[in-house]
Every structure is written in structure tokens, then in C-alpha cells.
Amino acid sequence: MTSSNRWSDLERPPLNESTLRRALLTSPGLWTALDVVADTGSTNSDLVARAKAGAAEGAVLVAEGQSAGRGRLERRWTAPARSGLFFSILLRPGLPTPDGRPAVPVDRWGWLPLLAGVATAAAVSRTAGVDTALKWPNDLLVSVGGEERKTAGILAERADDTGLVIGVGLNVSLREDELPVPTAASLALAGAPVLDRDPLLRAVLRSVAEWYGRWRAVDGDPHECRLQEAYAAGCATLGRTVRAELPGGRELVGEAVAVDSDGRLVISAGGRQEPVGAGDVVHIRPVAGHDAESDRGDER
Ligand SMILES: Nc1ncnc2c1ncn2[C@@H]1O[C@H](COP(=O)(O)OP(=O)(O)OP(=O)(O)O)[C@@H](O)[C@H]1O
Ligand SMILES: O=C(O)CCCC[C@@H]1SC[C@@H]2NC(=O)N[C@@H]21
């Protein structure tokens, strides 16, 4: 048996499209369509194309495997087939809701990837039985042998005037030798007692629908629907010394002190507070006997 098919269906069973549809496509409810495909390049790319062709809010596209999964900052997302959950959802905050709420102003859409992070973290912690934390903006971290490692990532992309696609990659059963990078992890490596992907997917989608409903009900105000508070409570970046690698090549090292009302990370450095809206943020963990500016092996 080759390494690519080492995992039989019994060990990594496929998702069941019809039971997922029965459980999730309820009326009323956010989710309007759900497809599980065996293989594709990127569920985000596919769903953005469907959105441009007029797909309705609430479409969900799940792939058992991706050959060109994409991450933030032009990175790749790689994981063996059925080793995790790889899916994208289409939201249309730029349209009024069926119950008559107005469109959410575009300047509040920046909260949606953070909302997806809060919802995913809550659902994964509850369903898989492991503690999770968010690294700004929306990496999901778990603890493996006392180290914070990334078990999920989220990529939000504008699809058209009214909608955006949010993609989630969650490592479920990956073993150490299957990880794309040593700073990654999976729910299995974090000791999760539950690794069944069907209930995990249902829980994450229900949690996203719940948070999105709350956010839409207050026209996207992150404070009023307590999203800002929930995000801050679950964010491991706050209070840490971080290095932000900003677009354009500038670096900023300081303490992450807040997430502002636009979802930006506020970094306090040299007596100034600077909001950071894009770029890579690295947690710098001071190591006994070393400066905070430690080597890459001490960073997440
Ligand atoms: N399944 C996964 N789980 C966790 N993180 C992942 C996964 N797949 C990809 N990544 C993340 O994506 C990044 C890998 O992206 P990429 O392959 O583009 O490498 P890079 O080192 O960022 O850039 P380069 O392309 O220049 O080598 C890693 O930083 C890792 O955090
Ligand atoms: O951590 C990141 O940088 C974001 C990773 C997002 C990966 C998911 S997998 C499903 C969806 N399709 C993609 O091509 N990317 C997202």
C-alpha cells in the first residue's frame, strides 16, 4: 500500500452529503445548498465562481480533498484527503435579510472572518473536546505538548458587490509525519476524544449561522452583538508580545493590546498605539535566558 492510500475509508470515512443536507438545509435557516465533492482545486475558488454566477447566500461547498488549497497571504493550504474539513461558505451581507434587515455597510464586513473564527473555535472546542484559542486574525490554535500550534485557518475573499466567500481548513486526523509544517497540528495531535467529521462540520456551520444571525440582527455592529467581546475573550494574541510583518515589508514589534471596532489588532510600541489590519503576526514567546526576539522555533 502506498503512503497516499494508507488511510482506508474505515479510518478516514467519507462525509455523508445527504445526512448533512438533511441536518443543515432547514427552513428558516442560513444554509441553502450543500455539496460535498471528492476532489477539487480550491473550494474558495469554486464558490467565488458560483457567487459571481449568482449563487444565493448560504451555499456551502465541502471538498474531501483539495489539490490547490489556498491560505492567506498567497500561501498554500495542504492536507491529505479526508484528514480534515475543507469547506467554503457564501454570505451576502450586502443584501437585505429575508426578515427585512438592511444590507450591512461594507466597512463592517471585515468582522466576518473574525466571526467565522469565533464560531469555529466555539464549535470545535465543544464538539471535539479540546481547548482552542484564536491567533489574530483567525488561526485556530490548539496545545500539543504545551506548545500552541495551528489546527485551522480561515480565508475570506470578496466575491462580488454583495457577497464574500469564507473558507475554513481544519486539520482533524493528521499525524505528525503528515503535517505540512512543524508549527501545524490537528485535533488528533491535541488529544481530541472525538474525531468524527460529520458532527464537527454540523457544529461549525450551526455556530457560524448563529453568530451571523446575531451580527445581522444589529446591522453588523460587533460591539452590540458581543462579537468583539467574544473575540477578545478567545484571542491568545492579546497581551502577547508580537511581531507584525506589514504589507510593504515593514515590521512592528510590540504588545498586542486590543482588537478595535474595525477588527484590527492594536499594537503598542514605542509609546504609540498602531492598528494593524493586514499582514502576518507572529507571537513572540520570551524563553528563559533569551530576549523576546527569539528564534523562529519559539514563535507561532
Ligand atoms: N494543513 C495545514 N495546517 C496548518 N497550517 C497550514 C496547513 N497547510 C498550510 N499551512 C500554513 O501555510 C503555510 C505554508 O504556506 P506555503 O506553503 O506557501 O509556505 P510558506 O513558507 O509560507 O511560503 P513559501 O511558498 O515561500 O515556502 C505555513 O505557514 C502553514 O502555517
Ligand atoms: O490559514 C490560512 O491562511 C487560511 C487557510 C484556509 C484554507 C481553506 S481550506 C477550504 C478553503 N479553500 C481554500 O482554498 N482555502 C480555504
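The rules behind each value
Residues numbered from 1 in each chain as written. Chains lettered and ligands numbered in written order. Predicted model: local features only at pLDDT ≥ 70, side-chain atom pairs only at ≥ 80, totals over all residues. Heavy atoms only, no water. Buried < 20%, exposed > 50% of the residue type's maximum accessible area, 1.4 Å probe, protein only. Helix = DSSP H or I, 4+ residues; strand = E, 2+ residues; numbered from the N terminus. Arc of directions from axis to C-beta. Contact = heavy atoms within 4.5 Å. Polar contact = N/O pair within 3.5 Å; in protein donor to acceptor, adjacent residues only side chain to side chain. Pairing = 2+ DSSP bridges. Near = heavy atom within 4 Å. Areas by Shrake-Rupley, 256 points an atom, 1.4 Å probe, with all protein chains shown as cover. Nonpolar A, V, L, I, M, F, W, Y, C, P; charged D, E, K, R; others polar. UniProt positions renumbered as here; feature names shortened; annotations may be inferred.

A.B. asks: Would you mind going over helix α2 (residues 43-52) with me for this structure?
C.D. replies: An α-helix turns once every 3.6 residues. As a result, residues three or four positions apart point the same way. Buried within α2 we find T43, N44, L47, V48 and A51. Angular distribution of buried residues about the axis of α2 spans 130 degrees; they occupy a single face of the element. Residues of α2 that are buried make contact with β2 (59-63), β3 (84-91), β6 (147-158) and β7 (164-171). Capping of α2 at its N-terminal end is provided by S42; its side-chain oxygen lies 3.2 Å from the backbone amide nitrogen of N44. At the C-terminal side of α2, G54 shows a positive phi close to 105 degrees.

A.B. asks: Where do I start with the pairing of strand β12 (residues 280-284) in this structure?
C.D. replies: A regular strand places its side chains so that they alternate between the two faces of the sheet. For β12, a buried count of five out of five residues is recorded, marking the element as mostly surrounded by other parts of the structure. Across the two faces of β12 the burial is the same, with D280, V282 and I284 and V281 and H283 all buried. Two elements, strand β8 (residues 241-245) and β12, share five bridges in a ladder whose sense is antiparallel. Within β12, the residue paired with A244 across the bridge is V281.

A.B. asks: For this particular structure, what's the right way to read the site of ligand 2?
C.D. replies: Within the structure, ligand 2 sits among 20 residues, and S42, Q66, R70, R72 and K150 are positioned closest to it. Between ligand 2 and R72 there is a distance of 2.6 Å, counted from an oxygen atom to a backbone nitrogen or oxygen. Bound to the protein, ligand 2 loses 97% of the 420 Å² it would expose on its own. Within the residue set of the shell around ligand 2, elements represented by two or more residues are α2, β3, β6 and β7. For the shell around ligand 2, the element with the most residues is β6, which contributes four residues. Partitioning the shell around ligand 2 into residue classes produces six nonpolar, 10 polar and four charged.

A.B. asks: I would appreciate a short explanation of the UniProt feature "domain: BPL/LPL catalytic" (unreviewed entry) in the chain in the present structure.
C.D. replies: In the numbering used here, UniProt assigns the feature "domain: BPL/LPL catalytic" (unreviewed entry) to residues 24-216. In residues 24-216, helix accounts for 25% and strand for 24%; the two terminal C-alpha atoms are 19 Å from one another.

A.B. asks: When you look at the pairing of strand β5 (residues 139-144) in this model, what are you seeing that I'm missing?
C.D. replies: Taken across its six residues, β5 has five buried, putting it largely inside the fold. Strand direction decides the pairing type here: strand β4 (residues 133-135) and β5, joined by three bridges, are antiparallel. Across the sheet, residue K135 finds its bridge partner in β5, namely D139. Linking β4 back to β5 in an antiparallel pair, the connection comprises three residues. Taken together, the five bridges between β5 and β6 define a ladder with antiparallel strand orientation. Considered in β6, the bridge of S143 is made with E148. A loop of two residues connects β5 with β6, the two strands running antiparallel in sequence, and G145 in this loop sits at a positive phi of about 55 degrees.

A.B. asks: Looking at this structure, how should I read the site of ligand 1?
C.D. replies: Taken together, the neighbourhood of ligand 1 is formed by R75, R76, W77, T78, K150, N171, P180, V181 and A184. The separation between a nitrogen atom of ligand 1 and a polar main-chain atom of T78 is 2.8 Å. Interatomic distance of 2.7 Å between a side-chain N/O atom of N171 and a nitrogen atom of ligand 1. Contact with the protein chains covers 64% of the free accessible surface of ligand 1, which is 610 Å².

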